[in-house]
Amino acid sequence: MAETQTLATVEDTIALGALLGAQLRAGDVVVLSGPLGAGKTVLAKGIAQALDVDGPVTSPTFVLAREHRPRRPGTPAMIHVDLYRLLDESGLDLLAELDSLDLDTELDDAVVVVEWGEGLAERLSERHLDIRLERGAESETRTATWRWYAP
Ligand SMILES: Nc1ncnc2c1ncn2[C@@H]1O[C@H](COP(=O)(O)OP(=O)(O)OP(=O)(O)O)[C@@H](O)[C@H]1O
Ligand SMILES: [Mg+2]
C-alpha cells in the first residue's frame, strides 16, 4: 500500500527521511526516484540523520557511491549511490559496480540509498523502500509517495 505526503519545505523532506530512516535496518535498500532537483539528496540527509551516520550527505553524482559510517558501533552504515550518470548504460550490473568500489562495508551491513535507482536497485534486496518525489511547476512544495516491499 502506497503512502503519500506533501512536503512544503526542505525541513519537511528531511523530517520524512528521518521518519522512514528510523524504520530501516541493515540490508535494506531505499530506491529514490523523481526528477532533477526533486529533493532525493535532501531526503537522504534525513535518512542519514535517523541512522546516525557520519555526514555530510552530499550529492554523489561524480563518485557513484559514498559511504557513511555509523557513529554507534553495531548499527548499519549508509551507502549513498547516485546512478544518474549510468542511466544510459544498458545491462548495467549494479552489484558488480558496487563490488568494484571496494567499499569498507558489506551491503548486508548497510542501508543502501540509491538515487535514480528505479528498475535496478530493487534487485539488490528483497526488502526495499521505494520513494518517489515530485515537484510542481510553480511552488517549492514536493510530494512524496512511498511503498515498502518485504518478502
Ligand atoms: N520541499 C522541499 N523538499 C526538498 N527540497 C526542496 C524543497 N523545497 C525546495 N527544495 C530545494 O530543492 C533542491 C533539491 O535538491 P536535491 O539535491 O535534494 O535534489 P535531487 O532530487 O537529489 O536532484 P538530483 O537528481 O540532481 O540528484 C534543494 O536545493 C532544496 O533546497
Ligand atoms: Mg541528488
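Structure: see above.
None of these values were measured; they are calculated from a predicted model.

Draft legend 1. A look at empty space enclosed by the protein. Applying the stated criterion across every chain, the model contains one cavity of 30 Å³ or more. Taken as a whole, the largest cavity spans an internal volume of roughly 40 Å³. Residue lining of the largest cavity: L24, D28, V29, R127, H128, L129, W148, Y149 and A150, and that is the complete set. For the lining of the largest cavity, the secondary structure elements donating two or more residues are β6 (128–135) and β7 (142–149). Residues that form the lining of the largest cavity fall into these classes: six nonpolar, one polar and two charged.

Draft legend 2. Helix α2 (residues 40–51), seen in detail. Given a rise of 1.5 Å per residue, twelve residues ought to cover 16 Å, and the 16 Å separating the end C-alpha atoms of α2 matches this to within 8%. Three or more residues of α2 are buried, namely K40, T41, L43, A44, G46, I47, A48 and L51. The inward-facing, buried residues of α2 abut α1 (10–21), β2 (29–33), β4 (77–82), β5 (110–115) and β6. Looking one or two places after α2, you find D52, whose phi comes out positive at around 60 degrees.

Draft legend 3. Geometry of the nonpolar core. Grouped together as the largest cluster of nonpolar side chains are 22 residues, with contacts concentrated most on V30, I47, M78, V113 and I131. Broken down by secondary-structure element, the contributors of at least two residues to this core are α1, β2, α2, β5, β6 and β7. Here the element with the most residues in this core is α2; it accounts for five residues. Discounting residues that sit within four places of it in the chain, I47 has contacts with G17, A18, G21, L24, V30, M78 and V113.

Draft legend 4. Local environment of the pairing of β7. Bridge count between strand β1 (residues 3–7) and β7: five bridges; the pairing is antiparallel. In the sheet register, Q5 faces β7, and the bridge partner there is A144. Two strands pair when backbone bridges link them, and β6 and β7 are joined in this way by eight bridges, in the antiparallel orientation. Following the sheet pairing, L133 is matched in β7 by A144. Counted between consecutive antiparallel strands, the loop separating β6 from β7 contains six residues.

What counts and what doesn't
- Residues numbered from 1 in each chain as written.
- Chains lettered and ligands numbered in written order.
- Predicted model: local features only at pLDDT ≥ 70, side-chain atom pairs only at ≥ 80, totals over all residues.
- Heavy atoms only, no water.
- 1 Å grid on protein atoms, 1.4 Å probe; cavity = no way out; pocket = protein on both sides within 12 Å on 5 of 7 lines; lining within 4 Å.
- Points joined across faces, edges and corners; volume = space filled by probe spheres on them.
- Helix = DSSP H or I, 4+ residues; strand = E, 2+ residues; numbered from the N terminus.
- Nonpolar A, V, L, I, M, F, W, Y, C, P; charged D, E, K, R; others polar.
- Expected span 1.5 Å × (residues − 1).
- Buried < 20%, exposed > 50% of the residue type's maximum accessible area, 1.4 Å probe, protein only.
- Contact = heavy atoms within 4.5 Å.
- Core = buried A, V, L, I, M, F, W, Y, C linked by side-chain atoms within 4.5 Å.
- Pairing = 2+ DSSP bridges.

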